[in-house]
Amino acid sequence: MSQIAQALQEIHSQLPDGTRLVAVSKYHPAAMIEEAYRCGQRIFGESHVQELQEKRPLLPDDIEWHFIGHLQTNKVKYIAPYISLIHSVDSPHLLHEIDRQGARFSRRIPCLLQLHIAQEETKYGFLPDELLDYMHGGEWRSMEHVQICGLMCMASNVDDETQIAREFSRAHAIYNKVKEDFFSLDASFRECSWGMSDDFPIAVQHGSTLVRIGSRIFGHRGY
Ligand SMILES: *Cc1c(COP(=O)(O)O)cnc(C)c1O
């Protein structure tokens, strides 16, 4: 069995029913994506628009592409026709532009709102209070071309598992509150995107429905 096949099998054995795997293929060539595809993997995550635009035509059409990186508003138009889920909506302005591009392509684009939960300056996203304020503001209700499907977050990049667990647990509590207050009748709002190579076992204990795993599948990225 190839290393990729083995890694995929090992990860799946640790995922509960209802948690899906996003194979993060950024910086890895199409050939490696194809190998994971042959093992049955269908959801791939990329974090740079140009790289995604270059690789997608080389690969099977039934791949579900997820965008997971910081997305500049002026690049939304390139991925709007086909992207299956944008995990990393980190501002009202970006959501608005996704809605605009969704209209141009007659789609309702599935999105997650990115929560800034880590104790790190460099991470993008809504602070918990900003997110709740934004939801209360209600501007999103008139956006017919985005579908808000849940939340995404990254934990701090630390070894302290207690801290990581605390952060995911906090994200899950915020998800539950947003679900209850704004989406209780909306079955599309159901995704919690958290957990990466080093912390996904903790994430699945705190409600993760989508884990985004790269290096554990494809190995070290050359950057
Ligand atoms: C790169 C990346 C991942 C995957 O990271 P690994 O540690 O390689 O699993 C997950 N989420 C986001 C947002 C990323 O940019």
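Calculation rules
Residues numbered from 1 in each chain as written. Predicted model: local features only at pLDDT ≥ 70, side-chain atom pairs only at ≥ 80, totals over all residues. Heavy atoms only, no water. Buried < 20%, exposed > 50% of the residue type's maximum accessible area, 1.4 Å probe, protein only. Helix = DSSP H or I, 4+ residues; strand = E, 2+ residues; numbered from the N terminus. Pairing = 2+ DSSP bridges. Right-handed = clockwise from strand over helix to strand, strands pointing away. Contact = heavy atoms within 4.5 Å.

(A) Seen up close, the pairing of strand 2 (residues 43-46). Here strand 2 shows two buried faces, one formed by Ile 43 and Gly 45 and the other by Phe 44 and Glu 46. The pairing of strand 1 (residues 20-24) with strand 2 spans two bridges and is classified as parallel. Across the sheet, the residue bridging to Val 24 is Gly 45, located in strand 2. What joins strand 1 to strand 2 is helix 2 (residues 30-38), and the crossover it makes is right-handed. With four bridges connecting them, strand 2 and strand 3 (residues 64-67) associate as parallel partners. Along strand 3, the bridge assignment pairs Gly 45 with His 66.

(B) Representation of the environment of Glu 144. When you line up the elements, Glu 144 lands in the loop between helix 6 (128-137) and strand 6 (146-153). With a relative accessible area of 59%, Glu 144 lands in the exposed category. Taking the C-alpha atoms as reference, Glu 144 lies 30 Å from Ser 25; in sequence the two are 119 residues apart. Among residues more than four places away in sequence, those in contact with Glu 144 are Asp 99 and Arg 108.

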